[in-house]
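Here is how the chains run, residue by residue.
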Amino acid sequence: MKRQNGFTLIELLTTLAVATILLSIAVPNLQEFRRNSSQTAGINHLLSGMRIARNTAITTNSRVTVCASNNGSACEAVPWSNGWIAFVDLDADRTLDVNESIFRAGERADGLSIASAEFANNFVFRPNGRVMGATVGQNSGQFTVCDDRGSEHAKALVLDLSGRPRVAYSGMTLSCS
C-alpha cells in the first residue's frame, strides 16, 4: 500500500490560526516601529545639518545661517518641517544673497511637524559656535518634533548655550499644536 504525504485539514487550520494570531500581534508593532523610524530619521537629518552648520561656522570663522525653506533656495517664513537650508552668511543679514551659496539643505519631513518658539524661521551659528536667534540674547532654544500620535510621542531637539545641538530624551514636557 502506498503512503500519501500531506497535511490534514485540522493541521492546516491550526497552522493558519497560529499564523493569524502572530500577525495580529506583529502588525501594530510594525506600524509603531515605522512611525518611530520616520520620526527619528527626520530628527537625525535636522540634527546632522545643525552640526555641520556649527562646524562650518567655527572652521570658516564666519556666521552660518540656518533657515526654514519651502523650495530649498531661499529663506521663507514656513514651518521647519517644510525644509531648511544652511549657508555662510557673509553680510550677516539672515537672507541668502547672490554671492552666498547653500552648503546643506533639508527636505520636507513628511508626516512630521517641526516647530520652535525661539527660532521661528531662522537662527545663526556665530564663529565661536554659539547660536543666536532673533536677538543676541536669544542663544538657546528647542525644536519640538511631533507626528500624528501627538504630544505623548513628541521629541525635542535642543540647542544649548554653547550652540551644541542634541536630542532630549526625558525631563521635558512637550506640546504639539
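Residues numbered from 1 in each chain as written. Predicted model: local features only at pLDDT ≥ 70, side-chain atom pairs only at ≥ 80, totals over all residues. Heavy atoms only, no water.

Enquirer: Residue-level account of the overall build of the protein chain, with values.
Expert: Of the regular secondary structure elements, the protein chain holds 1 helix and 9 strands. Going from N to C terminus, the protein chain has its helices and strands arranged as α-β-β-β-β-β-β-β-β-β. For the protein chain, the C-alpha radius of gyration of 24 Å lies well beyond 16 Å, the compact-globule estimate for 177 residues. By its C-alpha atoms, the protein chain is 95 × 35 × 25 Å across when sized along the principal axes. (Helix = DSSP H or I, 4+ residues; strand = E, 2+ residues; numbered from the N terminus. Rg over C-alpha atoms; globule rule 2.2 N^0.38 Å.)

Enquirer: Give me a nonpolar patch on the surface: which residues, what numbers.
Expert: On the surface, a cluster of nonpolar side chains totalling about 580 Å² of accessible area is made up of Phe7, Leu9, Leu12, Leu13 and Leu16. Structurally, leucine 9 can be placed in helix H1 (residues 9-60). (Patch = residues over 30% accessible without salt bridge, like charges linked within 9 Å, V, L, I, M, F, W, Y side chains within 5 Å. Areas by Shrake-Rupley, 256 points an atom, 1.4 Å probe, with all protein chains shown as cover. Salt bridge = Lys/Arg side-chain N within 4 Å of Asp/Glu carboxyl O.)

Enquirer: Explain the side chain of threonine 56 residue by residue, including any values.
Expert: Mapped onto the elements, threonine 56 comes out in helix H1. Setting aside its immediate chain neighbours within four residues, threonine 56 contacts Asn61, Val64, Val88 and Phe103. (Contact = heavy atoms within 4.5 Å.)

Enquirer: Outline the side chain of serine 62, listing residues and values.
Expert: Of note, serine 62 is situated in the loop between H1 and strand S1 (64-68). Separated by 2.6 Å, the side chains of serine 62 and threonine 60 make a polar contact. Beyond its immediate sequence surroundings of up to four residues, serine 62 is in contact with Ala57, Val88, Phe125, Arg126 and Pro127. (Polar contact = N/O pair within 3.5 Å; in protein donor to acceptor, adjacent residues only side chain to side chain.)

Enquirer: Can you explain the sheet that holds strand S9 (residues 165-168)? Please cite residues and give values.
Expert: Spatially, S4-S7-S8-S9 is the arrangement adopted by the 4 strands of the open sheet, whose pairing is antiparallel. Because the sheet does not close on itself, it has two edges, and the strands there are strand S4 (113-115) and S9. When the angles between neighbouring strand axes are averaged without regard to direction, this sheet yields 20°. (Pairing = 2+ DSSP bridges. Axes fitted to C-alpha atoms, helices over the stretch in contact; angles between N-to-C directions.)

Enquirer: Before we move on, could you go through the sheet that holds strand S3 (residues 102-106) and cite the residues and values that matter?
Expert: With antiparallel pairing, 5 strands are arranged side by side in an open sheet as S3-S2-S1-S5-S6. Either end of the sheet is taken by a strand with one partner, and the two such strands are S3 and strand S6 (131-132). Inspection of the sheet shows S1 paired to strand S5 (residues 122-125) by 4 bridges, in the antiparallel sense. Note that in S5 the partner of threonine 65 across the bridge is valine 124. Across the face of the sheet, H1 comes into contact with S1, strand S2 (84-88), S3 and S5 while running at roughly 165° to S3.

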